[in-house]
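# Residue-level structure breakdown
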Amino acid sequence: MSHPNPDANGLDPAALRIQLYELWRRNDLQRLHLEAQEGFSKLDDPLDTLLTTLECYPTQQKVRGPSFAPLIFKEFQKWLQEHPQVTLTSIPEKKATALKHRALLLLNDAQTNFVDGIIQIYQLTTLDPDTQRLHITKLLGLKCYKAAAVFSMKLNLQNELYMEEVCIPLIFQDKLSLAESFVTGHALLQQQLVTLLDSWCHPNFSVKDMMSKRFPHLSMSKQSLVQTQPKMLSKHVFRLAEKFDIDQSSCPNALRRRRMNTLRFLMFKRFVNKSMTDENWSDHIQTVLADDLELQILLVEMLLYHGGPEQAAQWSLRYNLPMHRLPSAVWNAQQNLSPELINFPRDEEWVPSEAHCRKFYQVPLTQENVQHVDTPEALQSCRDLLLKDGSVVGVDMEWQPTFGCVSSQKVALIQLATFDRVFLLDLCANGFCQHPETIAFIRSLFSRQNVLKVGYGMAGDLKCLVPNWPQLVEEPLKRDGMLDLLYVHRKIQCSRKVNTAQRGPREVLVGEDSSEKGLSLLVQQVLGKALDKTEQMSNWERRPLRLSQIRYAVTDAYCLLDVYSALSLNPTDFGLPSDLRSLRQDEKNRVPKEKHPKNQKFKHTGLKEECQGAQWVSPPCSDTEKGRLCGENTPQDPPPPPLAPQDLRVVCDNMLQGLGRYLRCLGVDVVILENTDDHRVAAKLAQDEYRIILTCGQPYQTLRSQVGEGRCLSLDCSEKAREQAVRVLKHFNVRLTPRDIFSRCQACNSDQYVALTRNDIIRMLKQKGFLQATDMSSTPCEEEPIEELELPRYGPQCHWASLSDLDPVTLSFPGGAPIQLHTLPLTLVPKVPHYFVCTRCGKVFWEGSHFGRVVSMFQEVLHITDEDREQPQDQNYSPPKKPGKKQKSFKLSNATKKRF
């Protein structure tokens, strides 16, 4: 019989195991590597010996450093690469089958990164399918749900299993992501998982009852309980439905819950906040309620409380609700309703009231000059007029508010204005949006250099076209001849040279008493009157559009032309260059910050409350509501409970990148959007990861409608990043301590580090060629006593990785990030004894004087205990040791250092 290892000389496997175990216990990893590589070559049957070793030693051991069995397995994989002839095919089939069955049993408690190697080495994919399924069934019987899911995915056996038997325990164990991976790629299982989660959104469903009946042996953590609440479940349902392309109508329970929440939000907007007109509110209500009888009855009950019996009776008649389901007050009010209230009259005129005209900007066009474009024939006349060389076109777009929906927003209406006509492109018209002529016209319009397109915040509008035309992802729109007044407006705000003599009694700046913002503020500054934005939150997908909606859409596009004309006529009056097109997107025009006395507090003086920390983003409201919008706790509100920086999870939009870096520096979990990210990315992150959105300016109104109450905070973009950070910490009552500073990587937001000594760094620099072998020869690096490495000041707030995870050849971490040795100043290396490396991005940190500067910058929000005061605040600062409690430390042995 031939041996699987031709080079073997009969080494006793038990003796090798004992020798290797003793080296591992002494943490002599370099010698263990050498002995393992040499010993495997001397074995008669290395495949059998490996299995015996893994069977004798558990894969999870509570010791410092790598566990013995996984370490030996990694060494065997390295040895196997140099001995490819050692395979199961070199031994008799009967013995090979026995080894396969023994290897199969090891997968009960193996680590995830352990499974691939065992399957590959022992060729478990070639086992009989019945044997594979039987093993998975045994794993489920042993309550090894994770192992069963991982093994079935490796062998692609998901369709052979009962989805609920695998996924429900995983969800209860807070492993929903693994359940998602289990069903990914299998349409039927994906539908089953979404249907399962949707059934849990039913009001009568109880997670505890299901656990007690079907899985009494399982216990749920607090995080698992949170994830199985109806609110979170409904979010997961819609997220997975979108991810797996499943029709949301197949999720009735989650859909009803979303509609119920939307109904509550609309009631708040109409009767509490009073920022929505009757017409807009009515349109949205009818869309949300659809044909759901229970929601219709709920609407009547809420109207009875907020609006009175008359309104409740009016809507009960509209939906023809059964009498026995109505409150008696509504039934009585029905008898006294006048006919005009029952019929919901909608008499509108193109020209608004005189009071409205005095207050708001008006379009100097009659209704006959507005042309609806919803067919290819109507599009042709639009094309002939707009694509003439030298044309100036105002461009605006409208889409349906999502009210927290995670799906992408589609543009419903495109407004294209010239000085004598406005075209309304109806993308909701049947077949018009997908007609080849429509997308061809859009491409021609935005790429035509000799046609000036004037807009405001055009980048966001154009991104919303992608859901309408997915082909724009593969072939993006070519943009030429564009003028975005958003950047012109920033320049105006920066220069503060608004001509007040002709355009109002005083200049209007962001952050002052005016509630206007964005385009409405620009129109007010340039033309003297703001825009009427009451139709902004309209149902733009409902047809036919109301006359007030059409007037609003026309006004938003036409005002761009008037503003452009006024600015072009007298650019110096507004602090602008003669050529407005010279103001590009990359110019960083910001509003200069007003100087205020140090530590000035917010002043509450009746309706003239001042808030320099945020813009007003909604119509005028009470002082209490203003304070909440601005991120300040009013005197009537109790302060929120203290919060550790690590517990605050936020996402900063791309206008607050400096704020995000400061918050990371202080230990807050921060995701920072890139310059190319759309602001809707912030809403998706907030929904998926339950983060709070920090934003400023125009995106706030949209973002606030897509997340829960209090989950979006607007800041003043004219403030410095440090002042914004202080405001955020105070608003959320974050208890910042010296130990939180630098507890997160400022580059990638990770809080996991690995500790290295100076000699480790020197070896690595020499290994990578940054130092010659003779450099720093005076620094001892080979034989030095075992060091006790104290944690840095932020150590208790971080996770610390083992050096064994670092690849000794490439000097990279398991995620693929190499240590950024090239960033180290070579003159600094001999002076710093210890280094701390981020395991996600490889950035290298060390103790320095920057800590003192950060402490001084945030002194007003820093909580320093008596123990902290006793510590020196310099570059050698380390966390205080408590009496009677042993301080955690790292032991770096000679063997560990010699790995490099």
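Residues numbered from 1 in each chain as written. Predicted model: local features only at pLDDT ≥ 70, side-chain atom pairs only at ≥ 80, totals over all residues. Heavy atoms only, no water.

### Concerning the overall build of the chain
- Helix and strand counts for the chain come out as 37 helices and 16 strands.
- Across the 900 residues of the chain, 50% fall into the buried class.
- Long-range pairs, those at least 24 residues apart, make up 68% of the contacts in the chain with a sequence separation of at least 6.
- About 43100 Å² of surface is accessible on the chain, with carbon and sulfur atoms providing 50% of the total. (Helix = DSSP H or I, 4+ residues; strand = E, 2+ residues; numbered from the N terminus. Buried < 20%, exposed > 50% of the residue type's maximum accessible area, 1.4 Å probe, protein only. Contact = heavy atoms within 4.5 Å. Areas by Shrake-Rupley, 256 points an atom, 1.4 Å probe, with all protein chains shown as cover.)

### Points about helix H11 (residues 187–199)
- In this model H11 runs 18 Å from its N-terminal to its C-terminal C-alpha over 13 residues, within 8% of the 18 Å that 1.5 Å per residue would give.
- Turning to H11, its buried residues number three or more, namely Leu189, Gln190, Leu193, Val194, Leu196, Leu197 and Asp198.
- For H11, the secondary structure elements touched by its buried residues are helix H9 (163–172), helix H10 (176–183), helix H14 (230–243) and helix H15 (252–272). (Expected span 1.5 Å × (residues − 1).)

### Some details on the pairing of strand E7 (residues 649–652)
- When E7 meets strand E8 (residues 669–672), the two strands line up parallel, connected through four bridges. Directly across from Arg649, in E8, lies its bridge partner Asp669.
- For the handedness criterion, the β-α-β arrangement of E7, helix H30 (residues 657–665) and E8 is classed as right-handed.
- Bridge analysis of E7 against strand E9 (residues 692–695) gives three bridges, and the strand direction is parallel. (Pairing = 2+ DSSP bridges. Right-handed = clockwise from strand over helix to strand, strands pointing away.)

### Comments concerning the sheet that holds E8
- Taken in spatial order, the four strands make up an open sheet running E8-E7-E9-E10, and their pairing is parallel. Edge positions in the open sheet fall to E8 and strand E10 (712–714), since each of these has one partner strand only. In this sheet, adjacent strand axes meet at a mean angle of 25° when their direction is disregarded. (Axes fitted to C-alpha atoms, helices over the stretch in contact; angles between N-to-C directions.)

### Overview of the pairing of strand E11 (residues 752–757)
- Burial runs high along E11: five of the six residues are buried.
- Across two bridges, E11 lies against strand E13 (residues 799–800) in parallel orientation. Of the residues in E13, the one forming a bridge with Gln752 is His799.
- The pairing of E11 with strand E14 (residues 834–838) spans five bridges and is antiparallel. Paired with Thr757 across the two strands is His834, which belongs to E14.

### Re the packing of helix H2 (residues 29–41) against helix H4 (residues 68–82)
- In contact at an axis separation of 10 Å, H2 and H4 are set at 55° when each is read in the N-to-C sense. It follows from the interaxial angle that H2 and H4 lie oblique. Note that H2 runs across H4; the crossing there is right-handed. Contacts between H2 and H4 involve Leu29, Leu32, His33, Ala36, Gln37, Phe40 and Ser41 from the first element and Leu71, Ile72, Glu75, Phe76, Lys78 and Trp79 from the second.
- Looking at the contact of H2 with H4 residue by residue, the class counts come to eight nonpolar, three polar and two charged. (Parallel < 35°, antiparallel > 145°, perpendicular 65-115°, else oblique. Left-handed = near helix turned anticlockwise from the far one by under 90°. Nonpolar A, V, L, I, M, F, W, Y, C, P; charged D, E, K, R; others polar.)

### Digging into unusual backbone geometry
- Residue Pro544 is reached from Arg543 by a cis peptide bond, and omega for that bond is 0°.
- Summarising the element assignment, Pro544 is placed in the loop between helix H27 (518–527) and helix H28 (547–569).
- Despite not being glycine, Phe742 has its phi angle at roughly 70°, a positive value.
- In this fold, Phe742 is placed in the loop between helix H33 (721–731) and E11.
- In this structure Phe742 comes out as buried when scored by relative accessible area, which is 14%.
- Even without being a glycine, Leu811 presents a positive backbone phi close to 55°.
- Position of Leu811 relative to the elements: it lies in the loop between E13 and E14.

### Focus on the pattern of salt bridges
- All chains considered together, the criterion is met by 30 salt bridges.
- Residue Glu354 is joined to Arg358 by a salt bridge in which the shortest nitrogen-to-oxygen separation is 3.3 Å. Separated by four residues within a single helix, Glu354 and Arg358 lie in helix H21 (residues 354–359), roughly one turn from each other. Judged on exposure class, the residue Glu354 and its partner Arg358 are both exposed.
- Here Asp760 and Arg763 are joined by a salt bridge, their closest N and O atoms 3.4 Å apart. On the criterion of helical spacing, the pair formed by Asp760 and Arg763 is a turn pair, its members being three residues apart in helix H34 (residues 758–767).
- Exposure remark for Arg763: the relative accessible area of 8% places this residue in the buried category.
- It is possible to trace a salt-bridge network through shared partners that takes in Arg649, Asp669, Glu689, Arg691 and Arg744. (Salt bridge = Lys/Arg side-chain N within 4 Å of Asp/Glu carboxyl O.)

### Examining helix H7 (residues 129–141)
- For H7, spanning 13 residues, the distance from its first C-alpha to its last is 18 Å, which sits close to the expected 18 Å at 1.5 Å a residue.
- When we look at burial in H7, the residues that qualify are Gln132, His135, Ile136, Leu139 and Leu140. Along H7, the residues classed as buried sweep out an arc of 145° about the axis, all on the same side.
- Looking at the buried residues of H7, the elements they touch are helix H5 (93–105), helix H8 (145–154) and H9.
- Looking one or two residues beyond H7, the residue adopting positive phi is Lys143, at roughly 65°. (Arc of directions from axis to C-beta.)

### Looking at the sheet that holds strand E2 (residues 392–399)
- Strands sit in the order E1-E4-E3-E2-E5-E6 across an open sheet of six strands; the sheet is mixed. Strand pairing shows two members of the sheet lacking a second neighbour, strand E1 (370–373) and strand E6 (482–484), which therefore form its edges. Pairwise comparison of adjacent strand axes, ignoring direction, gives a mean angle of 25° for this sheet.
- Where E1 meets strand E4 (residues 422–426), four bridges bridge the pair, whose relative direction is parallel. Within E4, the position partnered with Val370 by the bridge is Val422.
- On top of the sheet, helix H22 (residues 376–386) reaches E1, E2, strand E3 (411–417) and E4; it is set at about 125° to E1, its chief contact.
- Docked against the sheet, helix H23 (residues 436–447) engages E2, E3, E4, strand E5 (452–455) and E6, running at close to 45° with respect to E3.

### Examining the packing of aromatic side chains
- A full pass over the atoms with the stated rule returns 18 aromatic pairs.
- With a centroid separation of 5.7 Å and 70° between ring planes, the pair formed by Tyr662 and Phe858 is classed as edge-to-face. One end of the pair, Tyr662, is in helix H30; the other, Phe858, is in the loop between helix H35 (850–857) and helix H36 (866–869), with 196 residues separating them in the sequence.
- Taking the relative accessible area as the measure of exposure, Tyr662 reaches 27% and is therefore partly exposed.
- According to the relative accessible area criterion, Phe858 is buried, its value standing at 1%.
- Through a chain of ring-to-ring contacts, three or more aromatic side chains come together here, namely Phe172, Trp200, Phe205 and Phe215. (Phe/Tyr/Trp six-rings, centres within 6.5 Å; stacked < 30°, edge-to-face > 60°.)

### Overview of the nonpolar core
- Formed by 86 residues in total, the largest nonpolar core has its most connected members in Ile118, Tyr122, Leu124, Phe172, Leu197 and Trp200.
- Other than its neighbours up to four places away in sequence, Ile118 contacts Phe73, Ala103, Leu106, Leu107, Gln123 and Leu124.
- In this structure, Tyr487, Leu519, Leu547 and Phe574 belong to the second largest nonpolar core, which totals 45 residues. (Core = buried A, V, L, I, M, F, W, Y, C linked by side-chain atoms within 4.5 Å.)

### Quick word on the packing of H11 against H14
- The contact between H11 and H14 brings their axes to 9 Å, and the two run at 160°. Taken together, the axes of H11 and H14 are roughly antiparallel relative to one another. For the crossing formed where H11 meets H14, the hand is left-handed. Here H11 contributes Leu193, Val194, Leu197 and Asp198 to the contact with H14, which in turn contributes Leu233, His236, Val237, Leu240 and Ala241.
- Classifying every residue of the contact of H11 with H14 by side-chain character gives seven nonpolar, one polar and one charged.

### So, the confidence of the model for the chain
- Here the chain averages 80 in pLDDT, while 81% of its residues score no lower than 70.
- Confidence scores differ between elements of the chain, with helix H37 (residues 894–897) showing the lowest mean pLDDT of 36 and E4 the highest of 97.
- Considering only residues more than four positions removed or in separate chains, one finds that residues 777–787, a stretch of pLDDT under 50, has 22 contacts.
- In this model, residues 872–900 is a region of pLDDT below 50 whose contacts with residues beyond four sequence positions or in other chains number 84 contacts. (pLDDT = per-residue confidence, 0-100.)

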